[in-house]
Amino acid sequence: MRRLFPPQAAGTTPAADADRQHGTDREWDLLELADAYAYPAEGSWLRANMVASADGAAHHGGRSRPLSGPADMRVFGVLRALADVVIVGAETVREERYRPARRREEFVERRRAAGQTTVPAIAVVSASLHLDFSLPLFTEPAVPTLVLTGANAPHPGLSAAAEAGVRVVTAGEGAGVDPARLKPALAALGYTRLLTEGGPRLLGQLAAAGVVDELCLTTAPRVTVGTAPRVMSGPESGTPWEFELTDLLEDSGFLLSRYRQVRQPAE
Ligand SMILES: NC(=O)c1ccc[n+]([C@@H]2O[C@H](COP(=O)([O-])OP(=O)(O)OC[C@H]3O[C@@H](n4cnc5c(N)ncnc54)[C@H](OP(=O)(O)O)[C@@H]3O)[C@@H](O)[C@H]2O)c1
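Calculation notes
Residues numbered from 1 in each chain as written. Predicted model: local features only at pLDDT ≥ 70, side-chain atom pairs only at ≥ 80, totals over all residues. Heavy atoms only, no water. Helix = DSSP H or I, 4+ residues; strand = E, 2+ residues; numbered from the N terminus. Rg over C-alpha atoms; globule rule 2.2 N^0.38 Å. Buried < 20%, exposed > 50% of the residue type's maximum accessible area, 1.4 Å probe, protein only. Contact = heavy atoms within 4.5 Å. Areas by Shrake-Rupley, 256 points an atom, 1.4 Å probe, with all protein chains shown as cover. UniProt positions renumbered as here; feature names shortened; annotations may be inferred. Salt bridge = Lys/Arg side-chain N within 4 Å of Asp/Glu carboxyl O. Near = heavy atom within 4 Å. Polar contact = N/O pair within 3.5 Å; in protein donor to acceptor, adjacent residues only side chain to side chain. Axes fitted to C-alpha atoms, helices over the stretch in contact; angles between N-to-C directions. Parallel < 35°, antiparallel > 145°, perpendicular 65-115°, else oblique. Left-handed = near helix turned anticlockwise from the far one by under 90°. Nonpolar A, V, L, I, M, F, W, Y, C, P; charged D, E, K, R; others polar. Pairing = 2+ DSSP bridges. Arc of directions from axis to C-beta. Phe/Tyr/Trp six-rings, centres within 6.5 Å; stacked < 30°, edge-to-face > 60°. Lys NZ or Arg CZ within 6 Å of the ring centre and 35° of its normal.

1. Quick word on the overall build of the chain
For the chain, the helix and strand inventory stands at 9 helices and 10 strands. Expected size for 267 residues packed as a compact globule is a radius of gyration near 18 Å; at 19 Å, the chain falls within 12% of this value. Taking the principal axes of its C-alpha atoms as reference, the chain extends roughly 60 × 40 × 40 Å. Looking at the chain as a whole, 48% of its 267 residues are labelled buried. In the chain, the share of contacts with a sequence separation of at least 24, taken over all contacts with a separation of at least 6, comes to 68%. Summed over its atoms, the accessible surface of the chain is roughly 13,000 Å², and 52% of this surface lies on carbon and sulfur atoms.

2. As for the UniProt feature "domain: Bacterial bifunctional deaminase-reductase C-terminal" (unreviewed entry) in the chain
Here, the residues flagged by UniProt with the feature "domain: Bacterial bifunctional deaminase-reductase C-terminal" (unreviewed entry) are residues 45-239. As annotated, residues 45-239 comprises 31% helix and 19% strand, and the C-alpha atoms at either end are separated by 22 Å.

3. Quick notes on the pattern of salt bridges
Oppositely charged side chains may form a pair once their charged atoms are brought near each other. Summed over all chains, the structure comprises 19 salt bridges. Taking the shortest distance from any N to any O, the salt bridge between Glu109 and Arg112 comes out at 2.8 Å. Residue Glu109 and its partner Arg112 are both found in helix α5 (residues 105-113); the two are separated by 3 residues, about one turn of the helix. With a closest N to O distance of 2.7 Å, Lys183 and Asp213 form a salt bridge. Of this pair, Lys183 sits in helix α8 (residues 179-187) while Asp213 sits in the loop between α9 (200-208) and β8 (214-220), placing them 30 residues apart in sequence. What makes Asp213 buried here is its relative accessible area of 15%.

4. A short note on α9
All of the buried residues along α9 are Pro200, Leu202, Leu203, Gly204, Leu206 and Ala207. Looking at the buried residues of α9, the elements they touch are β2 (45-53), β3 (85-89), β4 (121-125), α8 and β7 (193-196). Phi for Gly210, located one or two positions after α9, is positive at around 75°.

5. Comments concerning the site of the ligand
Around the ligand sit 25 residues, and of these Val51, Ala58, Thr92, Glu96 and Ser126 come closest. Interatomic distance of 3.0 Å between a backbone N/O atom of Gly199 and an oxygen atom of the ligand. With respect to the ligand, the side chain of Gln205 contributes an N or O atom lying 2.7 Å from a nitrogen atom. Protein contacts shield 89% of the accessible area of the ligand, which totals 920 Å² for the unbound molecule. Broken down by secondary-structure element, the contributors of at least two residues to the shell around the ligand are β2, α4 (90-96) and α9.

6. Notes on the packing of helix α3 (residues 70-82) against α5
α5 packs onto α3 with a crossing angle of 30° between their chain directions and a minimal axis gap of 10 Å. In this view, α3 runs roughly parallel relative to α5, as classed from their interaxial angle. Where α3 crosses over α5, the two elements pack in a sense that is right-handed. Contacts between α3 and α5 involve Val78, Arg80, Ala81 and Leu82 from the former and Phe107, Arg110 and Arg111 from the latter. When the residues that make up the contact of α3 with α5 are grouped by side-chain class, the tally is 4 nonpolar, no polar and 3 charged.

7. Here we look at the side chain of Glu197
In this structure, Glu197 sits in the loop between β7 and α9. Overall, Glu197 belongs to the buried group, its relative accessible area being 6%. One polar contact links Glu197 to Arg80, side chain to side chain, over a distance of 2.8 Å. If near-sequence neighbours (up to four positions away) are discounted, Glu197 is found in contact with Asn49, Met50, Phe76, Arg80, Val86, Ile87 and Tyr98.

8. Quick notes on the pairing of strand β5 (residues 146-149)
Along β5, one buried face is formed by Leu146 and Leu148 and the opposite face, lined by Val147 and Thr149, is buried too. Sheet topology note: the β4/β5 ladder contains 3 bridges and is parallel. Considered in β5, the bridge of Ala123 is made with Leu146. Note: β5 against strand β6 (residues 167-170), 4 bridges, orientation parallel. Opposite Thr149, over in β6, you have Thr170 as the bridge partner.

9. Here's the deal with α8
Taken together, the buried positions of α8 are Pro179, Leu182, Lys183, Ala185 and Leu186. All buried residues of α8 fall inside an arc of 165° around its axis, so they share one side. Within α8, the exposed residues directed more than 90 degrees away from the buried face are Ala180 and Pro184. The inward-facing, buried residues of α8 abut β2, β3, β5, β6, β7 and α9.

10. Some thoughts on the packing of aromatic side chains
Taken as a whole and assessed by the stated rule, the structure comprises 1 aromatic pair. The positively charged end of Arg47 is found above the aromatic ring belonging to Tyr39, 4.3 Å away from the centroid.

If you want it as structure tokens, here you go:
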């Protein structure tokens, strides 16, 4: 992996610094990656992590894995290891048969020192509550999986969640989650280092509402054609939201970019 931008990022050792300044291709260890992707020290921060093909598709055959590669999976794992909670849309849970986050020995001490549980919780965003509460995601997690929904969530789903002992958190007055209420609702549970893994419809709403602080986007050196959505889908936002590129890494042709939101659209 080599750093393409910024060319002179600070490193943890003089050797790492020198390597990066010259864009040297070398193995980055997991803790070095964790330092590079550390969350801001204070406040609630919502990071999104997505992978796309070079022609913009967010999945191939309903899965994101065909677009991914070793470097993307490595960063995916590190971003999970840094997060308090992973927020994911219900369709991604259904399509990809999401499982609980895996305990990673390399990060246990780091997480304990940061006051975090051994693994991040998963928070599933759903309005319908059409979720299979018998899946390991709900029955086997080290940290209980949450469901985020609106105040008008349907009763059959609420009953099924209650029977399964799954905690349902309300973050909206209507049928679904109000994107503006997502961060405060999670902060009230002590979760401020937030990671969303999409999918495109959930992320489109969050981005359109201006609540995504950071986008980590891997572009794979693959094209898929087809009609898969982009990494964000939904109604077009009024004015484009402005993001700045903060980092660009490259590994085996995969571009791992990182953008930070810089301002609200003009009124
Ligand atoms: N490329 C990548 O990095 C990446 C990442 C993730 C997923 N994917 C792919 O994306 C596909 C799924 O994405 P998708 O866009 O169709 O679906 P999605 O965003 O994962 O989930 C959409 C569902 O989330 C719930 N939802 C969204 N916004 C909500 C809100 N404001 N309040 C309450 N619930 C809300 C709804 O669930 P209910 O229907 O239960 O109400 C909705 O149907 C899969 O094929 C997956 O492989 C790709």
